[in-house]
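Residue-level structural notes
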Amino acid sequence: MANLKLKTGDKVVVIAGKDKGKEGKIIAVDKKNNRVLVEGVNMVSKHTKPNAQNQQGGIIKKENFIHASNVMYLHNGKATRLGAMIKDGKKVRVAKKTGEVID
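Residues numbered from 1 in each chain as written. Predicted model: local features only at pLDDT ≥ 70, side-chain atom pairs only at ≥ 80, totals over all residues. Heavy atoms only, no water.

1. Things to note about the pattern of salt bridges
A complete count under the given rule lists two salt bridges for this structure. In this structure, the salt-bridge partner of Arg93 is Asp10, at a minimum N-O distance of 2.7 Å. One end of the pair, Arg93, is in strand 10 (residues 90-95); the other, Asp10, is in the segment before strand 1 (11-14), with 83 residues separating them in the sequence. On the accessibility criterion, Arg93 (8% relative accessible area) is buried. The residue Lys22 makes a salt bridge to Asp19 at a minimum N-O spacing of 3.3 Å. Classification of Asp19 as buried rests on a relative accessible area of 10%. (Salt bridge = Lys/Arg side-chain N within 4 Å of Asp/Glu carboxyl O. Helix = DSSP H or I, 4+ residues; strand = E, 2+ residues; numbered from the N terminus. Buried < 20%, exposed > 50% of the residue type's maximum accessible area, 1.4 Å probe, protein only.)

Laid out in structure tokens, this is it:
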């Protein structure tokens, strides 16, 4: 399993697939399967039965997971790879393009 450097809340751009070029925020991360859920990306139609919360039922659109290798972190509006370094005894993420510490 690869070391996944993306976190929930990160802004990313899709670099491959049907939604190439779209930007969004990460909603969820599945580290086990190396996948991320991005707002407005990889939309699928889900057929739902009527129930207590949704009396109407029908077809709803929702996001589906996309492989982490198909997204890239957005730093100052530009896509960049992420690295890691030890700073003040803590491991922090670093933007490879600029060398700036992210968090």
